[in-house]
Amino acid sequence: MSFLVLDRVSKGFGPPEARREVLRGVDLSVEQGEIVAIVGYSGAGKSTLLHLVSGLLGPDTGSVRLDGRTIEGPGPDRGVVFQNYSLLPWLTVAENIRLAVDSVFPGWTEAQRAEQVDRHIHLVNLTPARDRRPGELSGGMRQRVSVARALAMDPRILLLDEPLGALDALTRGTLQDEISRICRASGKTVVLITNDPDEGILMADRIIPLSAGPGATLGPSFPVVLDPTRDRRALNHDPRFKALRAEVVAWLMGPGARPAVSVSRKLILPDLEPEDLEIPRSLIGGRRRPRRRSEERRETVDLNP
Amino acid sequence: MKKIHWESVLMPLVGIALTLLAWQMISGRTVTRSLADGTVEEVRLGWVQDLPGPVQTWEKTRKYVVEPFAKREELDQGILRFTWYSLVIVAKGYAIALILGTPMGFLLGLSATFSKMFDPIIQVLRPVSPLAWMPLGVVLFANAGKSANELAALFTIAVCAMWPTVLNTAVGVRAIPQDYLNVARVLKLSRTQTLFRIMIPATLPYMFTGYRLSLGIAWLVIVAVEMLTGRIGIGNFLWNEYNNGLYTSIVLCIVTIGLVGFSLDRAMSLLERRFKGIL
Ligand SMILES: Nc1ncnc2c1ncn2[C@@H]1O[C@H](COP(=O)(O)OP(=O)(O)OP(=O)(O)O)[C@@H](O)[C@H]1O
Ligand SMILES: [Mg+2]
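Bear in mind the structure is a predicted one, so any value in this text is a computation, not a measurement.

Draft legend 1. Structural view of the side chain of B:Thr194. All names here are of chain B. The topology assignment puts Thr194 in helix H8 (residues 191-229). A residue is classified by how much of its surface remains accessible, and Thr194, at 13% relative accessible area, is buried. A distance of 2.7 Å separates a polar atom in the side chain of Thr194 from the backbone oxygen of Ser190.

Draft legend 2. Expanded view of the site of ligand 1. Residues and elements named next belong to chain A. As a matter of local geometry, ligand 1 sits amid 13 residues, with Lys46, Ser47, Thr48, Gln83 and Glu162 nearest to it. Alone, ligand 1 offers 630 Å² of accessible surface; in the complex the protein occludes 61% of this. Those elements that place two or more of their residues in the shell around ligand 1 are strand S2 (20-30) and helix H1 (46-54). If you tally residues by element for the shell around ligand 1, the top one is H1, at three residues. By residue class, the composition of the shell around ligand 1 is four nonpolar, six polar and three charged.

Draft legend 3. Looking closely at the sheet that holds strand S7 (residues 157-161) of chain A. Residue and element names in this part refer to chain A. In space, the six strands of this open sheet follow the order S6-S7-S8-S3-S9-S10, with mixed pairing throughout. In the strand order of this sheet, the two ends are held by strand S6 (78-81) and strand S10 (222-223), each with one partner. The pairing of strand S3 (residues 35-40) with strand S9 (residues 206-210) spans five bridges and is classified as parallel. Bridging from a neighbouring strand, Gly40 pairs with Leu210 of S9. Where helix H4 (residues 139-152) meets the sheet, its contacts fall on S6 and S7, and the angle it forms with S6 comes to roughly 175 degrees.

Draft legend 4. Main features of the coordination of the magnesium ion (ligand 2). Protein ligation of the magnesium ion (ligand 2) involves A:Ser47 (OG) and A:Gln83 (OE1), the donor distances falling in the range 1.8 to 2.2 Å. Of the two residues, A:Ser47 sits in helix H1 while A:Gln83 sits in the loop between S6 and helix H2 (93-104), which places them 36 residues apart along the sequence.

Scoring rules and cut-offs
- Residues numbered from 1 in each chain as written.
- Chains lettered and ligands numbered in written order.
- Predicted model: local features only at pLDDT ≥ 70, side-chain atom pairs only at ≥ 80, totals over all residues.
- Heavy atoms only, no water.
- Helix = DSSP H or I, 4+ residues; strand = E, 2+ residues; numbered from the N terminus.
- Buried < 20%, exposed > 50% of the residue type's maximum accessible area, 1.4 Å probe, protein only.
- Polar contact = N/O pair within 3.5 Å; in protein donor to acceptor, adjacent residues only side chain to side chain.
- Near = heavy atom within 4 Å.
- Areas by Shrake-Rupley, 256 points an atom, 1.4 Å probe, with all protein chains shown as cover.
- Nonpolar A, V, L, I, M, F, W, Y, C, P; charged D, E, K, R; others polar.
- Pairing = 2+ DSSP bridges.
- Contact = heavy atoms within 4.5 Å.
- Axes fitted to C-alpha atoms, helices over the stretch in contact; angles between N-to-C directions.
- Donors = N, O, S within 2.8 Å, 3.2 Å for Na, K, Ca; no water.

And the structure:
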């Protein structure tokens, strides 16, 4: 049996009478040591899916099992890198990681804990910034702190929620390589959420698209068969890379997976009624004065044919 | 940059000068005139006859200012000595307000049920004037002997000054980002650890805003409290001088109370900004 299993999982939000189903019938299995990327549209339910694994949310139906045991709640055996980093702003880099180490390894000695913190700060190349607060770090540095904090807990599985989503394209590129290297070196099972198929292909062993919500579900899984060094410059011209990306994108753009696009916009009509010049002007009765009409009309245009 | 700095010093000085000038102009002055029968009569002239002007105020009250800590008699002491008595009692009442208010704010912020139960009561009690609380305090502590007065004063200050702390703390607790709590859940922090390592630090900036507003109110209340109880202090001094018809001292007290309140607020807002800077 696989290490992580999601079995016919559904999840919705809201009261029963107005429930919006976000995920419907999601099946997923991840082997030990595997790096799996899940690609999907914004708002499809990617974070929801991840939080079902982290235990911060529970499934409505179906089950989520890690190593054969049903997940009951959050715990430090699943290291989460949250979408918005979730570093505590009043603690320094070292203190943020220390908080995690302290709570996960209460039995360790002071020296062991300090060593664990330092090693992980070094791992993400942040030793010079160890005594700075998150507010004084760039987005990419915060991201690395968040990764270091998750790894310092020595989790059995690492859950990354759009780890590079908030970064510019150039920083993203270097960090993809760095995080990819760290994940592979740790030998841990990794579930990586992303909205960029390239990123998924570049970092993962397997890439699975998630259809657009509501009622999103996972598509077929595409194994990434590329040489493991994955030099990003060479990759841009690799025909296998191009073919794989085309396949994933085609599935995401295909029937059923694509979100229903509709645009709602506010139309402001001219505020004056036209004056009817046919009717003669007179003081009583007669032609009415130009009339103001302060009103808006709302129009929804369906862009899908 | 340099210029802006200059203006921020110069403009308040100009403002003060203009205010003093206007004050001098509308205030009354004493003139002596000889009457036809040879006797001399003192009369007040001016727009607001009984308002002492700045010059007159300074002349009449300088003994309180130049020896601010002097103690000549029970009711004749330097202005800062009176202020000190008031500050001591304010500090005690304020401390009680914070000690009671902060946990109350946390309870309100944490529990929706608790909040629904007590929010209406708080909203009703909050606008009640210190003048209304004071008599209740006196009654409650009537048989406390010698310290009855002090206890009544502390009660009034605490009960009036508590609310901004309670409400701001509650807002702060409700505003703790879900992300921080998720971190606590993933790390499996215990309830106490979550409280002390996540919730209190995350709420501190709000708490300090509450503390600053509470201090302002505590200082506002002290004058009323001293007038009613007759405790020695700046408010009591003001009241006595009013009864003696020494209006210059009233002006001195008003200026002093204002300056002290302003300094307290500044000090607190510096503290507050330090905590805001972190977040
Ligand atoms: N706690 C919640 N209560 C109600 N609705 C929620 C909740 N969490 C998520 N949703 C809804 O579920 C849907 C999916 O949200 P989710 O955060 O999983 O999307 P996502 O794929 O992670 O998007 P993004 O790429 O923008 O992060 C959204 O429509 C969102 O409004
Ligand atoms: Mg998300």
